[in-house]
Amino acid sequence: MVQEFEGLPVIDGHHHLWDLSRFPYRWLSPDAPPARFGSKAEIAKDYDLATHRQAFQGPNLLGSVHVQANCGAQDPASETRWLQALSDQSGWPLAIVGQIDFLDADWLETVDRHRAYPSLRGLRAPVAWDRAGRWHVASQAGVLSDPRFLKGAAYLARHGLLLEMVVVPEQLEDLVAFAETFPELSIVVNHFCTLEPAQEGQVDLWLMGIKALAKCSNVSVKLSGLWTVDTSWDAEILRPFVNHLIDHLGADRVLYGSNAPVESVNCGVAQQFKQLARILEDRSQSERESIFYSTAYRLYGFDALGISTTR
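This is a predicted model, so every value here is computed, not measured.

S.K.: Would you take a moment to explain helix H2 (residues 77-90) for this structure?
M.R.: Residues three or four positions apart in an α-helix share a direction because the helix packs 3.6 residues into each turn. Given a rise of 1.5 Å per residue, 14 residues ought to cover 20 Å, and the 20 Å separating the end C-alpha atoms of H2 matches this to within 8%. Within H2, burial applies to Ala-77, Ser-78, Glu-79, Thr-80, Trp-82, Leu-83, Gln-84 and Ser-87. Check the buried side of H2 and you find it contacts strand E2 (60-67), strand E3 (94-99), helix H3 (107-114) and strand E4 (120-124).

S.K.: Whenever I open this one, the layout of surface pockets confuses me. Can you help?
M.R.: Sizing a probe to match a water molecule and rolling it over the atoms shows the empty space that remains. What the largest pocket holds in volume is close to 1100 Å³. Taken together, 33 residues form the lining of the largest pocket, with Trp-27, Asn-70, Arg-124, Trp-135 and Val-137 sitting closest to its centre. Looking at the lining of the largest pocket residue by residue, the classes come out as 18 nonpolar, 11 polar and four charged.

S.K.: Help me out: how do you make sense of the pairing of E4 in this one?
M.R.: Of all the five residues making up E4, five are buried; the element is thus mostly covered by neighbouring parts of the structure. Where E3 and E4 come together, four bridges link them in parallel fashion. Paired with Ile-96 across the strands is Leu-120, a residue of E4. Regarding topology, H3 serves as the crossover connection from E3 to the parallel E4, and that connection is right-handed. One ladder, built from three bridges, connects E4 with strand E5 (residues 162-165); its direction is parallel. Looking across to E5, one finds that Leu-123 is bridged to Leu-163. In this view, the connection linking E4 to its parallel neighbour E5 by way of helix H4 (residues 147-158) has right-handed handedness.

S.K.: So what exactly am I meant to see when it comes to the nonpolar core here?
M.R.: When a protein is soluble and globular, its nonpolar side chains tend to lie buried together. Formed by 93 residues in total, the largest nonpolar core has its most connected members in Phe-149, Phe-178, Phe-192 and Phe-292. By residue number, the principal contributor to this core is helix H7 (residues 235-249), which donates seven residues. Setting aside residues no more than four positions away along its own chain, Phe-178 makes contact with Leu-144, Phe-149, Leu-150, Ala-153, Leu-163, Met-165, Leu-185 and Ile-187. Ala-95, Val-97, Leu-255 and Tyr-300 belong to the second-largest nonpolar core, a separate cluster that totals 16 residues.

S.K.: Explain the side chain of Ser-119 here, please?
M.R.: Mapped onto the secondary structure, Ser-119 falls in the loop between H3 and E4. Classification of Ser-119 by relative accessible area gives buried; the value is 4%.

S.K.: Looking at this structure, I do not really get the side chain of Asp-146. What am I missing?
M.R.: Mapped onto the elements of the fold, Asp-146 is located in the loop between E4 and H4. Note on Asp-146: relative accessible area 10%, which makes it buried. Only 2.8 Å separates the side chain of Asp-146 from the backbone nitrogen of Arg-148, close enough to count as a polar contact. Those residues within four positions of Asp-146 in sequence are excluded, and the remaining contacts are Leu-103 and Gln-140.

S.K.: Which parts of the structure should I look at to understand the packing of helix H6 (residues 202-213) against H7?
M.R.: Direction vectors running N to C along H6 and H7 enclose 20°, while the axes themselves pass 8 Å from each other. Taken together, the axis directions place H6 and H7 in an arrangement best described as roughly parallel. The two elements H6 and H7 cross, and the hand of that crossing is right-handed. Here Val-203, Trp-206, Leu-207, Ile-210, Lys-211 and Leu-213 of H6 lie close against H7, whose contacting residues are Phe-241, His-244, Leu-245, His-248 and Leu-249. For the contact of H6 with H7, the residue count by class is eight nonpolar, two polar and one charged.

S.K.: How should the pattern of salt bridges be read in this particular structure?
M.R.: Once the charged atoms of two side chains with opposite charge are near each other, the side chains can pair. Under the counting rule described, the total for this entry stands at 13 salt bridges. Measuring nitrogen to oxygen at the nearest pair gives 2.6 Å for the salt bridge that ties Arg-134 to Glu-196. Note that Arg-134 is positioned in the loop between E4 and H4 and Glu-196 in the loop between strand E6 (187-189) and H6, a separation of 62 residues in sequence. Judged by its relative accessible area of 6%, Glu-196 falls in the buried class. Via salt bridges that share partners, Glu-236, Arg-239, Arg-278 and Glu-281 belong to a single interconnected network.

About the thresholds
- Residues numbered from 1 in each chain as written.
- Predicted model: local features only at pLDDT ≥ 70, side-chain atom pairs only at ≥ 80, totals over all residues.
- Heavy atoms only, no water.
- Helix = DSSP H or I, 4+ residues; strand = E, 2+ residues; numbered from the N terminus.
- Expected span 1.5 Å × (residues − 1).
- Buried < 20%, exposed > 50% of the residue type's maximum accessible area, 1.4 Å probe, protein only.
- Contact = heavy atoms within 4.5 Å.
- 1 Å grid on protein atoms, 1.4 Å probe; cavity = no way out; pocket = protein on both sides within 12 Å on 5 of 7 lines; lining within 4 Å.
- Points joined across faces, edges and corners; volume = space filled by probe spheres on them.
- Nonpolar A, V, L, I, M, F, W, Y, C, P; charged D, E, K, R; others polar.
- Pairing = 2+ DSSP bridges.
- Right-handed = clockwise from strand over helix to strand, strands pointing away.
- Core = buried A, V, L, I, M, F, W, Y, C linked by side-chain atoms within 4.5 Å.
- Polar contact = N/O pair within 3.5 Å; in protein donor to acceptor, adjacent residues only side chain to side chain.
- Axes fitted to C-alpha atoms, helices over the stretch in contact; angles between N-to-C directions.
- Parallel < 35°, antiparallel > 145°, perpendicular 65-115°, else oblique.
- Left-handed = near helix turned anticlockwise from the far one by under 90°.
- Salt bridge = Lys/Arg side-chain N within 4 Å of Asp/Glu carboxyl O.

Spelled out as structure tokens, the structure:
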């Protein structure tokens, strides 16, 4: 553990688990299309909770947030059922973010099946869509203004569930409008809003978009998936962007996520903490605690999962 972070409490705000004998995980199969983040060969194997916790040798990991892993189950809520059982059996404080697509005709029934499990804290819906065709995660463009998506978002807000999503920089303007429509809905944007500095025009769109998000107090952003900025999480490359995010949103709207095991293809947990210690060296202890612990604790209701604020 990097010396500057010794004793710092940590909640991993974004990771995955998979059991290849339980669900199809078609995206991990040998004949699946290649991944932009690199070779999937080393992660195309079971990844369980014990293995994930071992990755945090040194950091004071107290709980974690599992985000749906595109498991390929016919019923997405079956992944939530499995994760709830893992948490119950292990006693590990595991907040769960399930899978939903509000453009599916049966989305309401799927949400309600997810809601049966007490560790569920929110749902992740496919949103990312760019004009260049690099990121077509959603089934169509303009999801954030689609009436079906808006109806689903309103339902989550009524039931106190948060909404997670991946967006690209050119969607940040639309995200601001969406967030202002649902001020009571907690929105968590994954993976640093998918900044890719190598793509022409992205930096300006991202910088302006993050600045615009400052007024949307219901939007938080994960310090995760930083391979899109730099695969090795080079501190000198990341620092100005991370500072821009924290300066405009505040540390209480930024949270760390390992994105394991996907991120380990390029940058494992130990290297992430080494680089983040350099990136955040000028930040206060209070800001660090927000990024690594307090923001996730509040957003995902870890008080109900057995973690005390006094630790």
